[in-house]
Amino acid sequence: MHVEYNIEGGDFTRAGYASSQIKKILKQSGVDMDIIRRTVVASYEAEVNIVAHAHGGAISMEVDENQIRIVLQDVGPGIEDIDKAMEEGYSTASCAVREMGFGAGMGLSNMKKNADMLRIESEPGKGTRVEILMGLGKEEILRSKK
Amino acid sequence: MKVKDIVKILDARIVCGEGRQDYAIDVAFASDLMSDVLTLKNDHVLLITGLANLQTIRTAEMSDINCIVFARNKKASPEMVALAGENDIILIECRYSVFRTSGLLYQAGVKPIY
């Protein structure tokens, strides 16, 4: 299964729409609720980051029997120092982002805590690519089908 | 504690989910920072917040939080009510501060997460 959504930079009224759709699809697919929650928390934080920092981007999800793979690709300023950005509390967010309840420097660490695997690649001045992988063990699939 | 008891204690009003007054919460968490809310893993959480915007509702949706109290007289917009309705999230508006809201509910036996 493959789905893809566009994300508008700066449009906070739509921030979270893609992650909401992803949650609905995973629920319909019978994925374990704990895995769904961890997946959408990671994707939502990443989606908010695109809205907050980038000009725009896209989020895609592929699901097969073994894993959920979510890729977020944006066009924007990129991240100059990824290690620094991963530090809890480090933030370059604007006042507008903070007024929305984000921008406290927790997004990337929340993503890392919830994803089974998180990969971030960024080119300053061009954009950022975030990949979130979640394992779907056979046991979890069998449990969710009962 | 049931939603109807929360409404009574806080002298508050339900603006979304009127028909679900028997929904019961186990614990409560107060924050205006949505990234803090997204770290929660508990079920049946009540969120107490002074942050009233669409991202508050989205955050609750992602965290499986089904009940929000807006303190400090913050109002839910029609868009927020519509989004909460789609996701079975109960919205309560209360004129008390976050501190007073939390204190009254704590005194009445609602447990904290941490």
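Residues numbered from 1 in each chain as written. Chains lettered and ligands numbered in written order. Predicted model: local features only at pLDDT ≥ 70, side-chain atom pairs only at ≥ 80, totals over all residues.

1. Remarks on the overall build of chain A
Right, on to step 1. Looking only at helices and strands, chain A has six helices and five strands in total.
Right, on to step 2. Secondary structure elements of chain A, listed N to C terminal, follow the sequence β-α-α-β-β-α-α-α-β-β-α.
Right, on to step 3. Scored against the burial criterion, the 146 residues of chain A give a buried share of 38%.
Right, on to step 4. Within chain A, residue pairs in contact and separated by at least 24 positions form 63% of the contacts whose partners lie at least 6 positions apart. (Helix = DSSP H or I, 4+ residues; strand = E, 2+ residues; numbered from the N terminus. Buried ≥ 20, exposed ≤ 12 C-beta atoms within 10 Å, placed from the backbone. Contact = placed C-beta atoms within 7 Å.)

2. Regarding the sheet that holds strand E2 (residues 56-63) of chain A
All names here are of chain A.
Right, on to step 1. Overall, antiparallel pairing links the five strands, which are arranged E1-E2-E3-E5-E4 in an open sheet. Two strands in the sheet have a free side with no partner beyond their single neighbour: strand E1 (2-8) and strand E4 (117-123). Sheet twist, expressed as the average angle between the axes of neighbouring strands with direction ignored, equals 10°.
Right, on to step 2. Sheet analysis places E4 next to strand E5 (residues 127-135), joined by seven bridges and oriented antiparallel. Among the inter-strand pairings, Ile-120 is bridged to a residue of E5, identified as Val-130. (Pairing = 2+ DSSP bridges. Axes fitted to C-alpha atoms, helices over the stretch in contact; angles between N-to-C directions.)

3. A closer look at the sheet that holds strand E6 (residues 111-112) of chain B
Residue and element names in this part refer to chain B.
Right, on to step 1. Reading across from one edge, E1-E5-E4-E3-E2-E6 is the order of the six strands in this open sheet, with mixed pairing throughout. On the outer flanks of this sheet lie strand E1 (13-16) and E6, each paired with one strand and no other.
Right, on to step 2. One ladder, built from four bridges, connects strand E3 (residues 45-49) with strand E4 (residues 67-70); its direction is parallel. Residue pairing across strands places Thr-49 opposite Phe-70, the latter belonging to E4.

4. A word on the interface of chain A and chain B
Right, on to step 1. Each partner contributes to the interface: chain A provides 19 residues, whereas chain B provides 17 residues.
Right, on to step 2. For the side of chain A that touches chain B, the elements supplying multiple residues, two or more each, are helix H1 (17-28), helix H2 (33-53) and helix H5 (107-114) of chain A.
Right, on to step 3. If one sorts the elements of the side of chain A that touches chain B by residue count, H2 of chain A sits on top with five residues.
Right, on to step 4. Grouping the amino acids of the side of chain A that touches chain B by side-chain chemistry returns nine nonpolar, seven polar and three charged. (Nonpolar A, V, L, I, M, F, W, Y, C, P; charged D, E, K, R; others polar.)

5. Overview of H1 of chain A
Right, on to step 1. With twelve residues, H1 of chain A should reach 16 Å at 1.5 Å per residue; the first-to-last C-alpha distance of 17 Å fits that figure.
Right, on to step 2. For H1 of chain A, the set of buried residues is Ala-18, Ser-19, Ser-20, Ile-22, Lys-23 and Leu-26 of chain A.
Right, on to step 3. In the core, the buried residues of H1 of chain A are packed alongside E1, H2 and E2 of chain A together with helix H3 (54-62) of chain B.
Right, on to step 4. Just past H1 of chain A, the residue Gly-30 of chain A takes up positive phi, approximately 80°. (Expected span 1.5 Å × (residues − 1).)

6. Some points on H5 of chain A
Within an α-helix, residues lying three or four positions from one another point in the same direction, as the helix has 3.6 residues per turn.
Right, on to step 1. Restricting attention to buried positions, one finds in H5 of chain A the residues Gly-107, Leu-108, Met-111 and Asn-114 of chain A. Buried residues of H5 of chain A fall within an arc of 135° about the axis and therefore sit on the same side.
Right, on to step 2. The inward-facing, buried residues of H5 of chain A abut H2, helix H3 (82-86), E4 and E5 of chain A together with helix H2 (34-37) of chain B. (Arc of directions from axis to C-beta.)

7. Focus: the pairing of E3 of chain B
All names here are of chain B.
Right, on to step 1. Counting buried residues in E3 gives five out of five residues, a clear majority hidden from the surface.
Right, on to step 2. Of the two faces of E3, the one holding Val-45, Leu-47 and Thr-49 and the one holding Leu-46 and Ile-48 are both buried throughout.
Right, on to step 3. Note that strand E2 (residues 27-30) and E3 share four bridges and pair parallel. Bridged to Phe-29 within E3 is Leu-47.

8. A word on the nonpolar core
Right, on to step 1. Ranked by internal contacts, the top residues of the largest apolar core, which has 72 residues, are Leu-47, Ile-68, Val-69, Phe-70 and Leu-91 of chain B.
Right, on to step 2. Per-element tally for this core: the top contributor is H2 of chain A, with ten residues. (Core = buried A, V, L, I, M, F, W, Y, C linked by C-beta atoms within 7 Å.)

9. Regarding the confidence of the model for chain A
Right, on to step 1. Mean pLDDT over chain A: 91, with 94% of residues reaching 70 or higher.
Right, on to step 2. Contacts for the low-pLDDT stretch residues 141-146 of chain A, under 50 throughout, to residues beyond four places or in other chains number seven contacts. (pLDDT = per-residue confidence, 0-100.)

10. Quick word on the environment of Lys-75 of chain B
Residues and elements named next belong to chain B.
Right, on to step 1. Summarising the element assignment, Lys-75 is placed in the loop between E4 and helix H4 (78-86).
Right, on to step 2. By C-beta crowding, Lys-75 is classed as exposed, having 11 other C-beta atoms within 10 Å.
Right, on to step 3. Residues Lys-75 and Ser-102, spaced 27 residues apart in sequence, show a C-alpha to C-alpha distance of 18 Å.
Right, on to step 4. Setting aside residues up to four positions removed in sequence, Lys-75 forms contacts with Ala-52 and Glu-93.

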